[in-house]
Amino acid sequence: MYKLTEVTKTYGGRNAVSALRGVNLSIADGEWLAIQGRTGHGKSTLLQILGGLDRPTSGVVELDGQDLAQLSEAEVTAIRAKSIGFIFQTFNLIPTLSAQENVEAALVPLAVPASERRDRAARALTQVGLGERLRHLPSELSGGQQQRVAIARALVKEPTVLLADEPTGNVDEETRDEIIALLEKLWRELGLTMILVTHDTPVARRAERIGVIRKGKLTISQDRRPAPAA
Amino acid sequence: MFLTYLRRELRRRARQAILIAIGLAVGVGLVITVTAASAGVRNAQAAVLHSLYGVGTDITVTQAPTAGSGGFGFGFRGRGGGRPAAGTKISFNRLSSREYGPIAATSVAAIGRLRGVAAATGALTLTDTKVSLTIPSFSSGGGFAGGDSGNASGGRGSFKLPDNFSIAGVDLSTGAIGPLASARLTSGRTLAVSDASSDVAVVSSDYAAQNKLKVGSAISVGNSAGKSTSFSVVGIVSAPSGSANDVYIPLARAQAQAGLVGQVNTVYVAADSATQIASVRKEISALLPKATVTTASSLASQVSGSLASASSLATKLGRWLAIAVLAAAFALACLLTMSAVSRRVREFGTLKALGWRSRRVVGQVMGEAVAIGIAGGVVGIGLGLAGAALVSKLAPPLTASLGQATGSATPGGARIFGGGQPGGFSGAGGFPGAGGSGGFGAFRRLAASPTVTVHLAAPVTVNVIVVAVLLAIVGGLLAGAFGSWRAARLRPAAALTRVA
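The notes below deal with the structure included here. Values in this document were obtained by computation on a predicted structure and should not be read as measured data.

**Some remarks on the overall build of chain B**
When helices and strands are counted, chain B shows 11 helices and 17 strands. Sequence separation of 24 or more characterises 85% of the internal contacts of chain B that already satisfy a separation of 6 or more.

This is the structure in structure tokens:
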């Protein structure tokens, strides 16, 4: 799925900052990788580069054989629209759209007809346990419910990759466990490749592999993937 | 999704959207009101100017004299063509056209029939030259003795320097324009249509003073043969400064005296309206290619009074005020839209992360801005219509003073043109009613002050409304463009890391 080779990211300006320094990483199809690290060490930067939201300063970011760094903005946007789902720490729902409409927004770039959009959005919300909250605005939902809407939005387009940036960072412990359990369930059911950024160790330990990023350098600290068949 | 998102977003920032819409509405409303008021003032001015039917003369037509014409010899040759004998007395009074060449009177009628011509009249501008001398005896050196001004006498002969004065032959049937129209009667009476064949004259007050003339005095008018005819002074007029004529006599008598029957040498033309002067001038030049066609100064600039002030106010101050308010409304719309986009940076970053292309995000912003613009335009139309209605209802009557009503010496009495009948003037160069419609009954007698009162209406046309709506949409597009530019430049990663 992903192959990163010597990826660096430096933010320029008066005080230049190296967010990533020579990251090498391979991520297989269907793998669940958790990336841990302290705030400001490059976790979110790595996730943004994996999702094509930002470009590396140097290095190669291959997704299914395509170097994202070499593609045009329009091509990367098309890949994001079709294949990559995002979940953010602050949910990032559109405040003026209902839960169903927020989920539909992910299908708009794929030119899905309106009626099919509505049906798929309703199904996705039902799948995350919000079948009776379709017309609620984000302001009418709890934090946990908002994150479920965001999960439904990320998965409604049946992506191959799910990138989650601190998905439980803004919810309480009980809700955190619910969210992670839901994500794990969906990961197993859908065969997604899931990369989850978290500073929360109990959350990270549920993943197959844990990468620790420290001052821009990534090391793998846990690998519970089954060994490949001989 | 587009319309739903648009509607919901405008409702979320309703206050800001309403503020932008009101700004645009005021600008658009002002444009409509000022445009309507300007149109109303123009209509009022046109009504006033139309009623003037071109007071005074708009165009004069003359022709250069042909070589050798108009002058005259002193007839010094004696019998057999030789030098007259010493002591021969020579005295003559000759009337001639020296400045201008002849124009057939039928041309005057033809000019009168041209499109845009309210009236045309012919006149003869002549010079009366009186010479009185005694042929001197010539020495071998030749020439006359003496030579100072006034009488020069001596044993060899005497002469008086030629006495010149200008005479205008006035067509009494169309005297409302022509050489006598702007003069003011100071004593006696002016020439009447019934004087057409009479030996009567009206003299200028300056000429009367110089020659000690009064009503009832007699003046000698020469003819082409050098003989004098006595004309009786029936009136004295005060002509505007710059007027070149000393004596005014009926045209037919001037033609007969000068030997120019059926001819004139100046045509005075009045146009239907000030806006037609240029086209009439062209037509006359085409009709008489050799003639010199001269237009009078703009008629509109002669209209003074509160109508002229309103016109200036509407076109200058009103237009600039409307432009200033519109510019301010556009600037406000742009600033507020950019501010709204700034506050939605994370939202747009999320949409881009979901796969929305920049142009879709830009389209959303533009759509919101144009919707506000349309709303502002609709309200602006209402404000503009209300403003125009207020102007029509509350504007005080405007007055226009006429720069040139005909003078009191106008044959038939002073008057201003108009009266509402089409064609106001008859054909030119002839008697009443000849060749035209309306006749001279169309003239209104000048009974009161030459001031016209008009009531201002402010008409709103469909064109103005369409322009106003377009202006509002342009305002929306402009605001949307500024906001969209900002939204399009957003990099998703940077947008998502912004603190909401």
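**Brief notes about the pairing of strand E1 (residues 2-11) of chain A**
Residue and element names in this part refer to chain A. Pairing geometry for E1 and strand E4 (residues 58-63), over five bridges, is antiparallel. Within the sheet, the bridge partner assigned to Lys 3 lies in E4 and is Glu 62. Pairing of E1 with strand E2 (residues 17-27), which is carried by seven bridges, proceeds in the antiparallel orientation. If you follow Val 7 over to E2, its bridge partner there is Val 23. Taking the residues that link successive antiparallel strands as the turn, the E1-E2 hairpin has five residues, and the phi of Gly 13 there is positive, at about 100 degrees.

**What to know about the sheet that holds strand E8 (residues 193-197) of chain A**
Residue and element names in this part refer to chain A. As summarised here, the arrangement of the six strands in space is E6-E7-E8-E3-E9-E10, forming an open sheet in which the pairing is mixed. Taken across any chain shown, the strands that pair with only one partner, and hence form the sheet edges, are strand E6 (84-87) and strand E10 (217-223). Averaged over all pairs of adjacent strands, the angle between strand axes in this sheet comes to 20 degrees, irrespective of strand direction. Note that strand E7 (residues 161-165) and E8 share five bridges and pair parallel. Residue pairing in the sheet places Val 161 in a bridge with Thr 193 of E8.

**Here's the deal with the interface of chain B and chain A**
The partner chain A presents 20 residues to the 19 residues of chain B that form the contact. Of all the secondary structure elements, the ones that give two or more residues to the side of chain B that touches chain A are helix H1 (2-12), helix H8 (345-353) and helix H11 (492-496) of chain B. Grouping the constituent residues of the side of chain B that touches chain A by class yields 10 nonpolar, three polar and six charged.

**Section: helix H4 (residues 114-127) of chain A**
Residues and elements named next belong to chain A. Between its first and last C-alpha atoms H4 spans 20 Å; for 14 residues at 1.5 Å apiece the expected length is 20 Å, and the two agree. Listed as buried for H4 are Arg 117, Ala 121, Ala 124 and Leu 125. Considered in projection along H4, the buried side chains sweep an arc of 95 degrees and stay on one side of the axis. Along H4, the residues that are exposed and aim more than 90 degrees away from the buried face are Ser 115 and Glu 116. Gly 129 sits one or two residues past H4 and shows a positive phi near 85 degrees.

**Some points on the packing of helix H5 (residues 143-155) of chain A against helix H6 (residues 173-190) of chain A**
Residues and elements named next belong to chain A. Two elements in contact, H5 and H6, have axes separated by 10 Å at closest approach and are oriented at 15 degrees. Taken together, the axes of H5 and H6 are roughly parallel relative to one another. The element H5 and its partner H6 pack so that their crossing is right-handed. Facing H5, whose interface residues are Gly 143, Gly 144, Gln 147, Ile 151 and Leu 155, H6 presents Thr 175, Glu 178, Ile 179, Leu 182, Leu 183 and Leu 186.

**Describing the packing of helix H9 (residues 358-394) of chain B against helix H10 (residues 462-488) of chain B**
All names here are of chain B. Orientation of H9 relative to H10, taken along the N-to-C sense of each, is 150 degrees, at an axis distance of 7 Å. On the basis of their axis angle, the class for H9 and H10 is roughly antiparallel. In this structure, H9 meets H10 at a crossing whose hand is right-handed. Here the contact of H9 with H10 is composed, by residue class, of 18 nonpolar, 11 polar and no charged.

**Re the environment of Met 194 of chain A**
Residue and element names in this part refer to chain A. One can find Met 194 in strand E8. Given 23 C-beta atoms within a 10 Å radius, Met 194 is considered buried. Each C-alpha atom of the pair Met 194 and Leu 162 lies 4.7 Å from the other, and the pair is 32 residues apart in sequence. Ignoring sequence-local partners within four residues, the contact set of Met 194 consists of Trp 32, Leu 162, Ala 164, Leu 183 and Trp 187.

Cut-offs used in this document
Residues numbered from 1 in each chain as written. Chains lettered and ligands numbered in written order. Predicted model: local features only at pLDDT ≥ 70, side-chain atom pairs only at ≥ 80, totals over all residues. Helix = DSSP H or I, 4+ residues; strand = E, 2+ residues; numbered from the N terminus. Contact = placed C-beta atoms within 7 Å. Pairing = 2+ DSSP bridges. Axes fitted to C-alpha atoms, helices over the stretch in contact; angles between N-to-C directions. Nonpolar A, V, L, I, M, F, W, Y, C, P; charged D, E, K, R; others polar. Expected span 1.5 Å × (residues − 1). Buried ≥ 20, exposed ≤ 12 C-beta atoms within 10 Å, placed from the backbone. Arc of directions from axis to C-beta. Parallel < 35°, antiparallel > 145°, perpendicular 65-115°, else oblique. Left-handed = near helix turned anticlockwise from the far one by under 90°.

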